[in-house]
Amino acid sequence: MTVVPDGWMLYTPHDIAGLAKDALVIGPFGSNLKTSDYRDEGVPLVFVKDIRAEDFSRPRAYVSTTKAAELEAHQVLPGDILITKMGDPPGDVALYDSDVPGIITADCIRLRPTVGFDRKYLVHCLRTPNACRQIDAITTGAAQKKVSLDRFRTRLHISAPPLAEQKRIAAVLDQVDTLRAKRREAIALLDDLEQSIFLDMFGDPMTVASGAETVADAGVVQLGRQRAPKYQTGHHSRPYLRVANVFEDRIDLDDVLQMDFDDSDFQKYCLKSGDILLNEGQSTELVGRPAIWRGEREGMCFQNTLVRFQAGERVLPEYALAIFLRYFRTGEFSKISSKTSSVAHLGAARFAKMPFHIPPMELQEKFRKLASVVRQQRERNAEHLAALDELSTSLQHRAFSGTLWDHEAPGEAA
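Read on for a plain summary of the structure. (Residues numbered from 1 in each chain as written. Predicted model: local features only at pLDDT ≥ 70, side-chain atom pairs only at ≥ 80, totals over all residues. Heavy atoms only, no water.)

As a further point, take the overall build of the protein chain. Helices and strands together make up the secondary structure of the protein chain, namely 14 helices and 22 strands. Taking the principal axes of its C-alpha atoms as reference, the protein chain extends roughly 70 × 55 × 45 Å. In the protein chain, the share of contacts with a sequence separation of at least 24, taken over all contacts with a separation of at least 6, comes to 77%. Accessible area for the protein chain stands at about 21,300 Å²; split by element, carbon and sulfur atoms hold 52% of it. Each charge class in the protein chain was averaged separately, 52 positive and 57 negative side chains, and the resulting centres sit 4 Å apart. (Helix = DSSP H or I, 4+ residues; strand = E, 2+ residues; numbered from the N terminus. Contact = heavy atoms within 4.5 Å. Areas by Shrake-Rupley, 256 points an atom, 1.4 Å probe, with all protein chains shown as cover. Lys, Arg positive; Asp, Glu negative; His and termini not counted. Charge placed at Lys NZ, Arg CZ, Asp CG, Glu CD.)

In structure tokens, the structure reads:
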């Protein structure tokens with residue numbers, strides 16, 4: 001049950017949309033908008049992925065002005081609120097900030113609030129844990145999780161103060177979001193800088209290494225240990241990493257599982273500082289995602305959803321990681337992977353045959369030092385971003401519980 005602060009009211013999206021019939025709509029059915037209608041220019045289409053990315057600056061497809069006129073009921077205007085009705089989970093929210101009107105596609109909800117509601121406030125409110133729980137409760141489906149427009153329209157409840165208070169809350173939360181966005185942008189720029197340094201020093205690894213050495217010449221490639229039924233838990237239970245722990249240039253130890261590794265298996269699969277782990281089995285866009293193990297925890301092993309690369313004497317791990325990040329970001333791992341209906345497999349043998357240029361060690365050392373400076377700056381920005389994330393969570397909780405201004409002296413909020 002949603003707790004409403006004093007002076008606030010509960011509203012459904014139906015209330016927020018008001019009496020206008022076209023204020024709360026979904027994208028057109030498939031028969032009304034087909035891929036054959038897509039064009040390279042014209043009126044932009046808005047997809048679920050655009051809402052998730054909160055980026056409408058690079059349309060994925062367009063429709064003609066004639067087709068857009070047919071789909072006028074599904075038009076999105078600057079300032080409209082967009083919500084995904086499909087996903088795992090549904091409920092991603094974004095404010096349409098493009099200057100150009102567009103057309104929403106299937107599995108998108110467009111909400112155009114009536115007077116009395118601040119649009120930025122509503123976006124923040126729809127992102128709260130309370131709103132997410134409500135959306136989860138009205139979500140149906142197993143393979144494809146969806147929220148119907150009818151359930152979204154009447155079974156989601158949003159609390160809101162008077163309009164002036166909505167605007168004040170939105171302004172505070174917007175300021176924090178702006179700072180967080182700047183930190184994320186700084187981190188992305190530092191990632192680009194490290195990659196630019198690499199390319200300036202060594203060139204494109206696919207071009208430079210063509211017909212030369214391979215990954216197998218640069219080090220040892222090994223697939224992780226299979227999870228056998230006889231080794232579940234017991235006397236030799238040890239922590240291990242799986243695909244869910246390996247992200248792009250980052251290891252996540254928040255959810256580490258355990259299984260039995262006897263002494264022989266432990267020696268074979270125990271991670272050593274400098275080992276590089278790559279996702280062996282993942283979706284096409286995530287297969288081969290690499291990260292370096294820096295000895296964060298002793299006695300850690302790895303499972304067969306990961307491939308390990310151990311650099312040889314002529315290769316520094318940091319240099320190898322830069323090559324693998326380049327291959328991952330340019331889609332080279334996806335190109336060589338085998339694919340089933342839902343999963344792409346990198347394959348240790350195919351990975352081992354990929355080109356790998358081995359430059360002089362002094363050049364690798366120079367790159368490692370430069371990359372280390374960039375990494376330190378990136379880590380500082382990541383720490384600042386984490387602190388801003390905590391602040392945002394705290395402010396969000398206070399804002400929607402009606403306690404954001406409790407620290408102010410009487411009359412100060414007026």
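A separate point is the sheet that holds strand 4 (residues 62–63). With respect to topology, four strands assemble into an open sheet ordered 4-3-8-5, the strand pairing being mixed. Each having just a single partner strand, strand 4 and strand 5 (75–76) make up the two edges of the open sheet. (Pairing = 2+ DSSP bridges.)

What follows deals with helix 4 (residues 119–126). Burial of helix 4 is extensive: six of the eight residues sit out of reach of the surface. Buried residues of helix 4: Y121, L122, V123, H124, C125 and L126, and no others. A side-chain oxygen of the first residue of helix 4 lies 3.3 Å from the backbone nitrogen of K120; this N-cap is D118. (Buried < 20%, exposed > 50% of the residue type's maximum accessible area, 1.4 Å probe, protein only. Polar contact = N/O pair within 3.5 Å; in protein donor to acceptor, adjacent residues only side chain to side chain.)

The next subject is the pairing of strand 12 (residues 237–241). Here strand 12 runs beside strand 15 (residues 257–260); their pairing, made up of four bridges, is antiparallel. By the bridge assignment for strand 15, Y240 is matched with L257. As defined by bridge partners, strand 12 adjoins strand 19 (residues 301–302) across two bridges and the pair is classed as parallel. Note that in strand 19 the partner of L241 across the bridge is F302.

Take the state of the cysteines next. Overall, the coordinates contain zero disulfides when judged by the stated rule. This cysteine, C108, is not joined by any disulfide, and C132 carries the nearest cysteine sulfur, 17 Å off. We classify C108 as buried; its relative accessible area is 0%. Not engaged in a disulfide, the cysteine C125 finds its nearest cysteine sulfur in C132; these two sulfurs lie 10 Å apart. The exposure class of C125 is buried, given its relative accessible area of 6%. (Disulfide = S-S within 2.5 Å.)

This part covers the pattern of salt bridges. Per the stated rule, a full pass over the model turns up 31 salt bridges. In this structure, R250 and D252 form a salt bridge, with 3.9 Å as the shortest nitrogen-oxygen distance. (Salt bridge = Lys/Arg side-chain N within 4 Å of Asp/Glu carboxyl O.)

Cis geometry is found at the peptide bond from D88 to P89, where omega equals 0°. Considering the arrangement of structural elements, one finds P89 in the loop between strand 6 (81–84) and strand 7 (93–95). Of note, E54 is a non-glycine position whose phi angle comes to about 55°, a positive value. Here E54 shows up in the loop between helix 2 (48–53) and strand 4. The partly exposed category is assigned to E54, whose relative accessible area is 45%. In this structure, D107 takes a positive phi of about 70° despite not being glycine. Residue classification places D107 among the buried positions, given a relative accessible area of 16%.

A few words on helix 7 (residues 163–202). Its 40 residues place the ends of helix 7 57 Å apart at the C-alpha level, agreeing with the 58 Å of an ideal helix rising 1.5 Å per residue. Along helix 7, the positions that sit buried rather than exposed are Q166, I169, A170, L173, V176, R180, I187, L190, E194, I197, F198 and F202. A positive phi of about 80° marks G203, the residue just after helix 7. (Expected span 1.5 Å × (residues − 1).)

Okay, the packing of helix 11 (residues 317–329) against helix 14 (residues 361–400) next. Look at helix 11 against helix 14: their axes get within 9 Å of each other, and the N-to-C directions meet at 75°. In terms of orientation, helix 11 and helix 14 fall into the roughly perpendicular class. Two secondary-structure elements touch here, helix 11 through E318, Y319, L321 and A322 and helix 14 through Q364, F367, R368 and R375. A class-by-class count of the residues in the contact of helix 11 with helix 14 yields four nonpolar, one polar and three charged. (Axes fitted to C-alpha atoms, helices over the stretch in contact; angles between N-to-C directions. Parallel < 35°, antiparallel > 145°, perpendicular 65-115°, else oblique. Nonpolar A, V, L, I, M, F, W, Y, C, P; charged D, E, K, R; others polar.)

A few words now on the sheet that holds strand 17 (residues 281–282). Sheets are built from strands paired through backbone hydrogen bonds, the pairs being either parallel or antiparallel. Overall, antiparallel pairing links the three strands, which are arranged 17-22-21 in an open sheet. Each edge of the open sheet is held by one strand with a lone partner, namely strand 17 and strand 21 (338–339). Taken together, the two bridges between strand 17 and strand 22 (residues 344–345) define a ladder with antiparallel strand orientation. Within strand 22, the position partnered with G281 by the bridge is H345.

By themselves, these are just geometric observations and shouldn't be taken as functional.
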